[in-house]
Amino acid sequence: MHGLMMQQPLLVASLLTHAERHHGEQEIVSRRVEGDIHRYRYRDLAQRARRLANALAGLGIGEGERVGTLAWNGYRHMELYFAVSGSGAVLHTLNPRLHVDQLAYIIDHADDRVIFFDLTFLPLIESVAPRIRSPKVFVAMTDRANMPATPDLPGMLMCYEDLIDGHGDDFTWPLLDENTASSLCYTSGTTGNPKGVLYSHRSTILHTYAAALPDSLNCSARDVILPVVPMFHVNAWGLPYIACMVGAKLVFPGPALDGKSLYELIEAEQVTLSAGVPTVWQGLLRHVAERGSTFTAMRRTIVGGAPCPTAMTTEFQERYHVDVLHAWGMTELSPVGTVCSFKGHHLSLPTQQRYAIQAKQGRAVFGIDMRIVGPDGEALPWDGRAAGDLQVRGPWVTTGYFGCDEASPLSDGWFPTGDVAKIDADGFMQITDRSKDVIKSGGEWISSIDIENVASLHPEVASAVCIAARHPKWDERPLLLIVKQPGSALESAELLDFFDGRVAKWWKPDAVVFIEALPLGATGKVLKNQLRDRFKDYYLMA
Ligand code: ADP
C-alpha cells in the first residue's frame, strides 16, 4: 500500500555493514589457538568477511549449502559467522565435545560441504574424516607458517589465511529473502540422535534486537563483551550478532577457559560484561578469591545454561559488585527466552527477597510467549505455586528439526521445552524440574538413553537406568543404577571401564549403584522419578 514502510529484509550481513560504518574503529580482541593475542577492528572484520565470502564462492559453496566449523571463540570464527550466512549459505557450528561418532553423524546429516577447524581440533578432524562421506574439503583456521605438516586426511586440506589472501574484498552481500536459513546448530538434548535447529536471517535479527535490550542482556556501544559461552553453542547466545548491532568491543577467549586465563583477559581488556555457564564462573571465582583480586571494570555477568546458584549470585554481587543476570534459553530458542532483571518495585525489597527473585530464570523478553500447562494440556495460573510443562512460541522458536521426518514437536502451536516451571504474578518463571530425560553437565548435554544402551551391552547387566544426580562442580553428572544378572559378581570399576571408547570420556558415569530391582509402573515402565528422588543427591553426599 502506498505510504507504508519499506520492505527491507532482515539480514545477518546488515549487522556487519552497520558495524563497519558506525563502529569501524571498535576493537575485536582474540586469544588465539597459537597462544598470542590478536587484535583488529570491525572495519577489518568486515573486509576479511567479504574476502572470505569470495573464497566460499570460489569453493563452489551455493546458497543454502552447509559450511561446518569446529572452532573456539575467535575472530576467524566471527568472520565465518558473517561470510557464510551473509552470502546465503548456512553456518553449521559443530560441538567438539561430542563423541566422534556423533560428530560424524551430524556432519553427514547436515551434509556439510566444507569444514573449517581450529588447529586444536586437527586430531578430532583426523578421526572424524574417515567416517564421513567424502569428498570433503577441510580448512585449517591458521596461516601458512602454522599449517600441520603431514595430516592424515582423506580429502583436501586448505589454509585459511591463504584462502583470504587469494581473494579481493569486493563483494556485495546478496539481497536474500529474510526467511532464508542462516545457521544450524545441533542439540543432543533429546533422546535418539542429535537434532538440528535451523535459524533464519529474520529469526536471528529479531532475536538480536530483543536480546540486546536493557532488561535482556543489556548491551551497548560502551560495553566490552566477553562471550565465554562457545560460538558452537547456540551462536554464543547471540552475542556476536548483538555486539555488531550495538557496536560493543568484543573479547574472545579462544581455548583458554580456566579461571586464571579468563581473569587476565577480563582485566587486560577491561571487560564490562561476560557470559557463560555456572561451571565456568566457579573456576573464575575460585581463582579471583585465591589471589584476593577484584574486577576493575566488569559490572555484569550473564549466567545461563543451568540454574545459577544463589551462593554464586551473592559472591559476584557482594564481594565483587558484579551484577548477575540469570537467563534461560534453549538451542531451539536461538536461545534467549527469559532474563531475570528486576522490576521497579523489587528494588526496595530486603536483600534476601531480591536473591530469591534472582534465583528465578526471569521474565519473557518481548517476542517470547510462554505458558505452563498441566497433564491435560490446560493452562495453569501464574501464582508462583502451580508447576507445569513450560511451553513457548515466538518468531525465534523452532517449528521442528532440520531434515527430520518425525512428527512436529509442536503442541497446538506451542513448543514444549521439556522443562517444568512455575510462573509468579510478575511473570517471573522458575524452573523446578525437567521432564526430558537428559543430563546437563557443565552446560553440555549427556543422553541418559545412550548411557543406558551402552550399559545394557555388558553381558552381566540385567537392566540399567541412568539418572541426572546433582553435582557440586558440574551441576549434574550421570549416575548409573544397575540390576545385575543373577549370580554376577560385576563390580563398578569393570562396568565403568566398559564405557571407554564407547562414549565421549566426559559422558562416562562417575559412579554405579547396584540395586536389587527397578521400580516399575502399572504398564511395566521404569519409574525414573522414584529413582531420581532416591538418588539425586548421591554425589552431594559422597
Ligand atoms: P543453553 O545451554 O544455551 O541454554 P541448550 O539447548 O543446550 O541451551 O539447553 C537448554 C536447556 O538447558 C533448557 O531447556 C533447560 O533445561 C536448561 N537451562 C538453560 N538455562 C537454564 C537456567 N538458567 N536454569 C536452569 N536450566 C537451564
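My aim in this report is to walk through the structure given alongside it, one point at a time. Along every chain, residues carry numbers that run from 1 in the direction the sequence is written. Thresholds applied to this predicted model are a pLDDT of at least 70 for local features of residues and 80 or more for the giving and counting of side-chain atom pairs; totals over whole chains, interfaces and linings are not thresholded and use all residues. Side-chain measures were taken over the full set of non-hydrogen atoms in the model, leaving aside hydrogen atoms and water.

## Side note on the nonpolar core
In these notes, a set of buried Ala, Val, Leu, Ile, Met, Phe, Trp, Tyr and Cys residues joined through side-chain atoms within 4.5 Å is what counts as a nonpolar core. Partly exposed residues are those whose accessible area sits between 20% and 50% of the maximum for their type, while under 20% is buried and over 50% is exposed, using a 1.4 Å probe and protein chains only. Phe82, Phe116, Leu217, Phe295 and Phe316 are the most contacted members of the largest nonpolar core, which totals 111 residues. Strands here mean DSSP runs of E at least two residues long; helices mean DSSP runs of H or I at least four residues long; both are numbered from the N terminus. In terms of residue count, helix 2 (residues 42-58) provides more of this core than any other element does, 8 residues in total. Residue contacts are defined here by distance: any two heavy atoms, one from each residue, within 4.5 Å place the two residues in contact. When neighbours within four sequence positions are excluded, phenylalanine 316 is seen to be in contact with Trp281, Leu285, Phe295, Met298, Thr301, His321, Val322 and Val324.

## Considerations on the site of the ligand
Lining the immediate environment of the ligand, one finds 19 residues, of which Ala327, Thr331, Asp419, Lys436 and Lys440 sit closest. Under this definition, polar contacts are N or O atom pairs within 3.5 Å; protein pairs additionally need one hydrogen-donor-capable and one acceptor-capable atom, and for neighbouring residues in sequence, both atoms have to be side-chain atoms. Contacts to the ligand include tryptophan 237, whose side-chain N or O atom sits 2.9 Å from an oxygen atom. Elements represented by at least two residues in the shell around the ligand include exactly helix 8 (234-237), strand 14 (323-329) and strand 20 (429-434). A per-element tally of the shell around the ligand places strand 14 first, with 4 residues. Throughout, the ten residues Ala, Val, Leu, Ile, Met, Phe, Trp, Tyr, Cys and Pro are labelled nonpolar, Asp, Glu, Lys and Arg are labelled charged, and all others, Gly among them, are labelled polar. Looking at side-chain class alone, the shell around the ligand contains 9 nonpolar, 6 polar and 4 charged residues. The rule for a residue being near a molecule or strand is that one of its heavy atoms must lie within 4 Å of it.

## Quick word on the sheet that holds strand 19 (residues 415-423)
If you trace the 4 strands from one edge of the open sheet to the other, you get 17-18-19-20, paired in antiparallel fashion. The sheet terminates laterally at strand 17 (369-373) and strand 20, the two strands that pair on one side only. On average, each strand axis in the sheet is inclined to that of its neighbour by 45 degrees, with strand direction left out of account. Of the strand pairs in this sheet, strand 19 and strand 20 are connected by 5 bridges, and their pairing is antiparallel. Strands were regarded as paired on the criterion that DSSP finds at least two bridges between them. Axis geometry follows a simple rule: fit a line to the C-alpha atoms, using only the stretch in contact for helices, then measure angles between N-to-C directions, giving values from 0 to 180 degrees.

## So, the sheet that holds strand 15 (residues 336-340)
Here 9 strands make up an open sheet; going across it, the order is 2-1-11-10-12-13-14-15-16 and the pairing mixed. The open sheet is flanked by strand 2 (37-41) and strand 16 (363-364), the only strands paired with a single partner. Where strand 15 and strand 16 come together, 2 bridges link them in antiparallel fashion. Bridged to threonine 338 within strand 16 is alanine 364. Helix 2 contacts strand 1 (27-31), strand 2 and strand 11 (249-252) of the sheet and is inclined by roughly 90 degrees relative to strand 2.

## With respect to the environment of isoleucine 423
Summarising the element assignment, isoleucine 423 is placed in strand 19. Once the C-alpha coordinates of isoleucine 423 and lysine 136 are considered, the two residues, 287 residues apart in sequence, prove to be 48 Å apart.

## Remarks on the packing of aromatic side chains
Paired rings are identified among Phe, Tyr and Trp, the last through its six-membered ring, by centres lying within 6.5 Å, and are further divided according to the angle between planes into stacked (under 30 degrees), edge-to-face (over 60) and tilted (the rest). Taken as a whole, this structure holds 11 aromatic pairs when the rule is applied. Aromatic side chains tyrosine 81 and tyrosine 241 sit 5.6 Å apart centroid to centroid with 45 degrees between the ring planes, which places their arrangement in the tilted category. Taken together, the residues tyrosine 81 in helix 3 (residues 75-86) and tyrosine 241 in helix 9 (residues 239-246) connect sequence positions 160 residues apart. Judged by relative accessible area, which is 0%, tyrosine 81 ranks as buried. On the accessibility criterion, tyrosine 241 (2% relative accessible area) is buried.

## So, the pairing of strand 14
Across the 7 residues that make up strand 14, a large majority, 5, are buried. When strand 13 (residues 300-303) meets strand 14, the two strands line up parallel, connected through 4 bridges. Bridge pairing links valine 303 to histidine 326 in strand 14. Looking down the strands as they point away from you, a crossover is right-handed if its path from the first strand over the helix to the second goes clockwise. For the handedness criterion, the β-α-β arrangement of strand 13, helix 12 (residues 310-320) and strand 14 is classed as right-handed. Hairpin connection, strand 14 to strand 15: the antiparallel pair is bridged by 6 residues, and serine 334 has positive phi, about 75 degrees.

## Description of the packing of helix 11 (residues 278-291) against helix 12
Interaxial distance between helix 11 and helix 12 falls to 11 Å at its minimum, and their mutual angle equals 40 degrees. Put simply, helix 11 runs oblique to helix 12. Considering only the axes of helix 11 and helix 12, their crossing is left-handed. Contacts between helix 11 and helix 12 pair Pro278, Trp281, Gln282, Leu285, Val288 and Ala289 from the former with Met312, Glu315, Phe316, Arg319 and Tyr320 from the latter. Each residue belonging to the contact of helix 11 with helix 12 can be placed in one class, and the counts come to 8 nonpolar, 1 polar and 2 charged. Working rule for angles: under 35 degrees goes down as roughly parallel, over 145 as roughly antiparallel, 65 to 115 as roughly perpendicular, anything else as oblique. The hand of a helix crossing depends on one turn: near helix anticlockwise from the far one by less than a right angle means left-handed, and clockwise means right-handed.

## What about helix 10 (residues 259-268)?
By the criterion of burial, helix 10 is predominantly enclosed, with 7 of the 10 residues buried. Taken together, the buried positions of helix 10 are occupied by Gly259, Ser261, Leu262, Tyr263, Leu265, Ile266 and Glu267. Looking at the buried residues of helix 10, the elements they touch are strand 1, strand 2, strand 10 (224-227), strand 11 and helix 11. A positive phi of about 55 degrees marks glutamine 270, the residue just after helix 10.

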